[in-house]
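Working through the structure, step by step
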Amino acid sequence: TTSETPQRGAPAGRIVATSVWQGQAFYVQIERCCGVSEVVSVRLDEDKYVKHSQQLKSGLERYFDGQLSVEILDVPTLYALEVRVMPDEAHPRHGRRFVSEAAEARG
């Protein structure tokens, strides 16, 4: 099932769909490589990570008819492209971002 709740800090009228399965609310989190201050590899193409994460988000939202919330988080980690199913209480709209090992512990 899906419930709709206003997203804190979102423009007026914006609704975020929260998916619920077996009584647990969740969303999909995509962490992508972006904003790496010191490039240590000539092979790093941040635009590729931006493009692929957007395509992944669009594909998931289209496949699930917008009933699954998908959030993209930029992380300054080389070659990062992680997809996680996370509990709703770890959603960035609650004021804290969980990425990398912290996300693994929560998700």
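Residues numbered from 1 in each chain as written. Predicted model: local features only at pLDDT ≥ 70, side-chain atom pairs only at ≥ 80, totals over all residues. Heavy atoms only, no water.

Re the overall build of the protein
The test is simple: Counting from the N terminus, the helices are DSSP H or I runs at least four residues long and the strands are E runs at least two residues long. Summary of the burial criterion: residues with accessible area below 20% of their type's maximum are buried, those above 50% are exposed, and those between are partly exposed, where the area comes from a 1.4 Å probe applied to protein chains only. The contact definition used throughout considers only heavy atoms, calling two residues in contact when any of these lie within 4.5 Å. Accessible areas in this description were obtained via Shrake-Rupley with a 1.4 Å probe; residue shielding takes into account the shown protein chains only.
Each helix and strand in the protein was counted, giving two helices and five strands. Each of the 107 residues in the protein was classed as buried or not, and the buried ones make up 35%. In the protein, of all internal contacts separated by at least 6 residues, the share reaching a separation of at least 24 is 61%. Of the roughly 6,900 Å² of accessible surface on the protein, 50% is carried by carbon and sulfur atoms.

Re the packing of aromatic side chains
As a reminder, the rule being used: Think of it this way: a Phe, Tyr or Trp ring, Trp meaning its six-membered ring, pairs with another when their centres are within 6.5 Å, and the plane angle makes it stacked under 30 degrees, edge-to-face over 60, tilted otherwise.
Inspection of every chain in the model, using the stated rule, returns one aromatic pair. Seen in terms of ring centroids, Tyr63 and Phe64 are 5.0 Å apart; in terms of plane orientation they differ by 80 degrees. Their pairing is edge-to-face. Residue Tyr63 is classed as exposed on the basis of its relative accessible area, which comes to 67%. Under the relative-accessibility criterion, Phe64 is labelled partly exposed at 38%.

Details of the confidence of the model for the protein
Using the following cut-off: Looking at any residue, its pLDDT shows the predictor's confidence there, from 0 to 100.
Residues of the protein with pLDDT of at least 70 account for 74%, and the chain-wide mean is 79. Across the protein, helix H1 (residues 46-63) holds the top mean pLDDT of 94, while strand S1 (residues 2-6) sits lowest at 47. Across residues 4-15 the pLDDT falls below 50, and counting only partners more than four positions away or on other chains, this stretch makes 15 contacts in the model.

A look at the pattern of salt bridges
Our working rule: One speaks of a salt bridge when a side-chain nitrogen belonging to Lys or Arg is within 4 Å of a carboxyl oxygen belonging to Asp or Glu.
Per the stated rule, a full pass over the model turns up five salt bridges. Two residues, Glu82 and Arg84, come together in a salt bridge whose shortest N-O distance is 3.4 Å. Across the pair Arg93 and Asp88 runs a salt bridge whose closest N-O atoms are separated by 2.6 Å. Judged on exposure class, the residue Arg93 and its partner Asp88 are both buried. Here the salt bridges share partners, and the residues they tie into one network are Glu31, Glu82 and Arg84.

Focus: H1
Short version of the rule: Multiply 1.5 Å by the residue count of a helix minus one, and that product is the helix's expected span. Arc definition: directions from the helix axis to the C-beta atoms.
Its 18 residues give H1 an end-to-end C-alpha distance of 26 Å, which sits within 8% of 26 Å, the value for a rise of 1.5 Å per residue. For H1, the set of buried residues is Tyr49, Ser53, Lys57 and Leu60. Viewed end-on, H1 has its buried residues packed into an arc of 70 degrees, placing them on one side of the element. Projecting away from the buried face of H1 at angles above 90 degrees are the exposed residues Asp47, Arg62 and Tyr63. For H1, the secondary structure elements touched by its buried residues are strand S3 (24-33), strand S4 (70-75) and strand S5 (81-87).

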